[in-house]
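Observations on the three-dimensional arrangement
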Amino acid sequence: ETRNMKPRQVAAHRKREHEYKLNTMKRALQHIHTFCSEETGGLDAMLTCAAKTDDHRLRRELGLQIGRLVSVIEESDDVKKLVSKALGCSNWKIGHEDDNDAGATPLSTLTIEELDEEKDDDNDGNEDELLVKMKRGQLTASLLLGKSDVGAWALKHGWSDENGVDELKQLIFSNDSRAMSIASELVSAASSVEKSRPLLATLVQEGTLEDLLIHPNADVRSGAASCAAKIGLASKALSEDDGEVMALLDIAIELLFEEDEGINEGDGKSNSKQKALKISKSLPRSVSSESTSMDRGIEVMTYIVSKTFVKEKIVAGYKPEGSPPDRKSALDRLVEIGCAPNSGDAQMAFGLAGIFNLLAVSMETLRKEAFIGKEITKEQYDQLQALGKTEEEKDIEAKKDAKEEDTSAAVRERIRKLANANVPRAMVKLLEGSASDSTQEKLFEGMGRMASEQSVRGIMIQQGCLTTCLQLDKGEKPNEAEQKILRQARSCIAKLLVTTNPSILTVSQRSGSIGPLLKLVKDNDATDLMHFEALLSLTNLAGFSDETKNRVVAQKGIPTLSYAMFSEHEMVRQAATEALLNMIPHPTMMEYLKKEDNLKVWVAFALDYEANFACARAAVGCLAMAVPDPEFADALVACPKFGELVRTLLECGQLELMHRVFAVVASLIEHGGKCREAVISTGTGSFCKAYLQSYHDEKNVKEFNFTPAERGSL
């Protein structure tokens with residue numbers, strides 16, 4: 001409708017929309033203030049419910065909703081003023097970066113009235129002391145989820161006037177499962193925020209996390225394990241000790257099975273305690289979450305799966321020591337979780353996608369990808385970094401790189417094991433139920449990484465990867481994130497079909513693949529590798545049957561492919577030329593070749609054999625395949641460069657080109673008339689006689705050192 005409006009009408013329309021959004025936000029802030037006020041008691045009721053419930057899922061959902069509530073408020077100071085009373089903070093300005101100016105700058109959003117501080121400050125005395133601390137801890141955890149900077153402030157300054165860490169310890173040592181569950185949630189959320197992570201140093205120094213890590217409640221244990229992984233890896237404390245990482249992996253795997261098996265007593269508990277103590281001691285002396293225990297296990301695993309030896313352990317079917325004989329391996333369990341109904345909607349979906357993605361790639365590849373589109377390459381960056389390092393530092397880094405070395409052969413072997421373990425099917429199931437752009441991007445990226453291994457492409461197609469990629473639809477006007485997802489899916493299609501025999505595909509798969517592949521070729525934001533793989537797949541499909549050729553034409557593929565012939569990358573030019581070559585003898589392709597301007601381009605490509613031999617070979621091959629058509633033959637001999645084409649290629653010394661140009665000449669002679677006369681005028685007859693006189697008995701051929709294949713062409 002706006003297209004039919006006049007400029008003033010459009011301006012007025014946009015102004016009304018802006019005012020509507022401002023009024024809506026103002027009402028939302030007023031509602032939040034009213035809900036959270038002491039008179040209404042909405043915030044206090046949610047915190048009380050979260051503190052008193054024994055259902056950890058309900059507690060996490062309440063915490064998440066509180067986090068979402070405060071995230072609506074734009075200014076951090078507004079949030080501090082709103083929650084300071086509930087946190088037991090007498091001055092919300094405490095910890096302000098500049099206390100002198102804290103009150104001078106007006107808040108840009110809704111001004112929230114100060115809570116009445118004249119009311120009895122001992123009001124909380126009527127409540128159980130532990131309950132008050134639990135409510136404040138739950139509120140701090142929610143703030144860390146919804147407004148991380150305010151959450152860090154609450155933990156350091158706002159909670160009970162800078163006594164938050166002490167009260168957090170009291171929750172941990174309370175021996176109350178609900179209080180310890182809230183503490184576990186809080187340390188897990190705090191360890192995810194850079195500003196609040198150092199505040200947990202005292203817990204690590206005193207071994208306070210041990211009580212959470214060995215607690216019989218899986219909900220409590222999972223949050224502490226997540227915290228241990230985040231703190232340890234963030235400070236690189238675990239990176240030098242494989243044993244500590246393996247201990248975390250064991251805990252993560254145990255958490256994956258909590259939902260089904262519960263907690264093992266006896267030796268299992270003893271082993272868990274030993275692992276917990278070992279992890280806690282390894283952490284440095286300075287230094288989300290509504291998930292279930294299973295979610296937390298996946299969360300911990302995503303932090304450690306980047307290490308090469310962990311990847312190898314997982315794909316090899318690793319089980320923690322002392323596991324029941326009938327228990328599945330870690331990889332099988334991950335696949336089982338991914339294949340579960342509605343797994344794509346679960347909170348763990350992104351974590352699973354990240355794990356599958358990392359298992360199929362090396363860290364070296366990830367580093368190289370990080371420099372794509374940058375003004376400097378990875379190699380140049382490494383050289384610059386090396387200039388500022390001593391020889392000792394270089395030796396240490398070289399040993400570390402050797403330890404983490406992940407060869408391409410090892411990556412290919414892992415991908416084969418992943419395919420045999422039905423990981424592609426799990427990724428497909430996750431995609432079926434996922435509405436998250438970030439999760440979809442990770443999954444399609446992971447599929448593309450796996451499809452790089454030729455031997456698993458058939459398995460991936462059987463398990464539904466190709467069909468899922470073809471079914472992806474982001475509407476007519478996808479945003480930037482959706483365009484990236486589409487690009488990843490189309491790239492996966494291209495990788496899958498480069499070497500796949502089109503005859504094993506269904507009709508819908510063959511025809512449906514051509515449109516996305518052509519769109520990938522036209523995508524200016526795609527890499528040259530994506531363009532190259534898409535063109536190879538189109539070459540494969542176009543040469544299969546008239547049905548696929550018709551589909552390429554219907555999708556306006558010939559103009560797209562001809563445009564790709566002018567790519568700056570020579571391999572892309574070659575692939576585009578070969579794709580058009582396989583479109584012969586489709587009538588539309590023949591009409592395209594007969595046009596004088598187009599024919600000149602193909603002749604020029606054929607003559608450019610010194611700069612790009614493979615592209616010239618494809619161009620001459622195209623002319624040789626098209627020349628049986630009488631109309632094309634007439635157009636070819638009428639080309640101003642025809643004589644130069646024949647003479648140059650006959651004398652070039654490249655047998656593959658000479659063989660093809662002889663095929664062109666032979667077909668033109670068969671046409672007779674002006675085609676035959678054009679060939680004679682080039683001096684081809686004299687060249688052939690001299691050639692036969694010199695080499696017909698093959699006595700002088702040996703001096704050229706031709707290969708057996710080249711002798712066949714000769």
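Residues numbered from 1 in each chain as written. Predicted model: local features only at pLDDT ≥ 70, side-chain atom pairs only at ≥ 80, totals over all residues. Heavy atoms only, no water.

Observations concerning the overall build of the chain
Secondary structure assignment for the chain yields 41 helices and zero strands. Relative to its full complement of 714 residues, the chain shows a buried share of 48%. Surface summary for the chain: the accessible area is close to 35,000 Å², and the carbon and sulfur share equals 48%. (Helix = DSSP H or I, 4+ residues; strand = E, 2+ residues; numbered from the N terminus. Buried < 20%, exposed > 50% of the residue type's maximum accessible area, 1.4 Å probe, protein only. Areas by Shrake-Rupley, 256 points an atom, 1.4 Å probe, with all protein chains shown as cover.)

What about unusual backbone geometry?
Note: most peptide bonds trans; most residues except glycine with negative phi. Here the bond from Ile-584 into Pro-585 is cis, since omega is 10°, no more than 30 degrees from zero. Among the structural elements, Pro-585 can be located in the loop between helix H32 (570–581) and helix H33 (587–594). The backbone of Asn-175 sits at a positive phi, close to 65°, despite the residue not being glycine. Summarising the element assignment, Asn-175 is placed in the loop between helix H7 (164–172) and helix H8 (177–190). Positive phi outside glycine occurs at Asn-422, with the angle close to 70°. Tracing the backbone shows Asn-422 in the loop between helix H22 (408–420) and helix H23 (423–433). Among the residues examined, Asn-422 registers a relative accessible area of 30% and is labelled partly exposed.

Let's talk about the environment of Arg-457
Mapped onto the elements of the fold, Arg-457 is located in helix H25 (residues 457–462). On the accessibility criterion, Arg-457 (9% relative accessible area) is buried. As a C-alpha pair, Arg-457 and Leu-496 span 39 residues in sequence and 5.5 Å in three-dimensional space. Once you skip the residues sitting within four places of it in the chain, Arg-457 turns out to touch Ala-451, Ser-452, Lys-495, Leu-496, Val-498, Thr-499 and Thr-500. (Contact = heavy atoms within 4.5 Å.)

A closer look at the packing of aromatic side chains
A complete count under the given rule lists one aromatic pair for this structure. Here the aromatic rings of Phe-566 and Phe-605 are separated by 6.1 Å at their centres, their planes lie at 85°, and the arrangement is edge-to-face. Here Phe-605 lies in helix H34 (residues 596–607) and Phe-566 lies in the loop between helix H31 (557–564) and H32, a separation of 39 residues in the sequence. Sitting over the face of the ring of Phe-257, Arg-327 holds its NZ or CZ atom 4.3 Å from the ring centroid. Geometry around Phe-257 places Arg-333 over its ring, the cationic atom sitting 5.2 Å from the centre. (Phe/Tyr/Trp six-rings, centres within 6.5 Å; stacked < 30°, edge-to-face > 60°. Lys NZ or Arg CZ within 6 Å of the ring centre and 35° of its normal.)

Some thoughts on the nonpolar core
In this structure, Met-447 and Trp-602 are the most contacted members of the largest nonpolar core, which totals 167 residues. With nine residues, helix H12 (residues 242–256) is the single largest residue contributor to this core. (Core = buried A, V, L, I, M, F, W, Y, C linked by side-chain atoms within 4.5 Å.)

Some points on the packing of H34 against helix H35 (residues 613–626)
Running from N to C, H34 and H35 cross one another at 130°; their axes reach a closest spacing of 7 Å. On the basis of their axis angle, the class for H34 and H35 is oblique. Note on packing geometry: the crossing formed by H34 with H35 is left-handed. Along its contact with H34, which presents Leu-599, Trp-602, Phe-605 and Ala-606, the element H35 presents Cys-615, Ala-616, Ala-618, Ala-619, Val-620, Cys-622 and Leu-623. Of the residues in the contact of H34 with H35, the class split is 11 nonpolar, no polar and no charged. (Axes fitted to C-alpha atoms, helices over the stretch in contact; angles between N-to-C directions. Parallel < 35°, antiparallel > 145°, perpendicular 65-115°, else oblique. Left-handed = near helix turned anticlockwise from the far one by under 90°. Nonpolar A, V, L, I, M, F, W, Y, C, P; charged D, E, K, R; others polar.)

Quick look at the packing of helix H2 (residues 42–52) against helix H5 (residues 129–146)
One way to put it is that H2 packs onto H5 with a least axis distance of 9 Å and a crossing angle of 110°. In terms of orientation, H2 and H5 fall into the roughly perpendicular class. On the side of H2, the interface is formed by Leu-43, Asp-44, Leu-47, Thr-48, Ala-50, Ala-51 and Lys-52, while H5 contributes Leu-131, Met-134, Lys-135, Gln-138 and Leu-139. Of the residues assigned to the contact of H2 with H5, the class counts are seven nonpolar, two polar and three charged.

A look at the confidence of the model for the chain
Close reading of the predicted structure is inappropriate where its pLDDT is low. Predicted confidence across the chain gives a mean pLDDT of 81, with 83% of residues reaching 70 or more. For the chain, per-element mean pLDDT is lowest for helix H14 (residues 267–282), which scores 43, and highest for helix H29 (residues 528–542), which scores 95. Every residue in residues 272–291 scores below 50 in pLDDT, and together they form 52 contacts with partners more than four places removed in sequence or on other chains. (pLDDT = per-residue confidence, 0-100.)

So, the side chain of Ser-562
Residue position: Ser-562 is located in helix H31. When residues no more than four places from it in sequence are discounted, the contact partners of Ser-562 are Leu-580 and Tyr-592.

A look at H23
Along H23, the residues classified as buried are Val-423, Pro-424, Ala-426, Met-427, Val-428, Leu-430 and Leu-431. On the buried face of H23, the contacting elements are helix H17 (330–339), helix H18 (349–359), H22, helix H24 (437–451), H25 and helix H26 (465–471).

Considerations on H33
Among the residues making up H33, those that are buried are Met-589, Met-590, Tyr-592 and Leu-593. Down the axis of H33, the buried side of the element spans an arc of 155°, and every buried residue falls inside it. In this structure, the buried side of H33 is in contact with H31, H32, H34, H35 and helix H36 (630–637). (Arc of directions from axis to C-beta.)

Quick word on the environment of Ala-435
Looking at the element boundaries, Ala-435 is found in the loop between H23 and H24. In the structure, Ala-435 is positioned 91 residues away from Gly-344 in sequence and 7.7 Å away in space, judged by C-alpha atoms.

Some remarks on the side chain of Lys-147
Relative to the assigned elements, Lys-147 resides in the loop between H5 and helix H6 (148–158). In this structure, Lys-147 is buried with no salt-bridge partner, the nearest side chain bearing the opposite charge being Asp-149 at 5.6 Å. The residues contacting Lys-147, other than those within four sequence positions of it, are Val-70, Ser-71, Ile-73, Glu-74, Ser-76 and Val-79. (Lys, Arg positive; Asp, Glu negative; His and termini not counted. Salt bridge = Lys/Arg side-chain N within 4 Å of Asp/Glu carboxyl O.)

Brief notes about the pattern of salt bridges
Tallied over the full model, the rule gives 27 salt bridges. Across the pair Arg-178 and Asp-54 runs a salt bridge, and its minimum N-O distance is 4.0 Å. Placement of Arg-178 in helix H8 and of Asp-54 in the loop between H2 and helix H3 (56–71) is noted, with a sequence separation of 124 residues between them. One salt bridge in this structure joins Asp-629 and Lys-594, with 3.7 Å as the shortest N-O distance.

Considering the state of the cysteines
Tallied over the full model, the rule gives zero disulfides. Cys-492 provides the cysteine sulfur closest to Cys-465, a residue in no disulfide bond, and the two sulfurs are 6.1 Å apart. What makes Cys-465 buried here is its relative accessible area of 0%. (Disulfide = S-S within 2.5 Å.)

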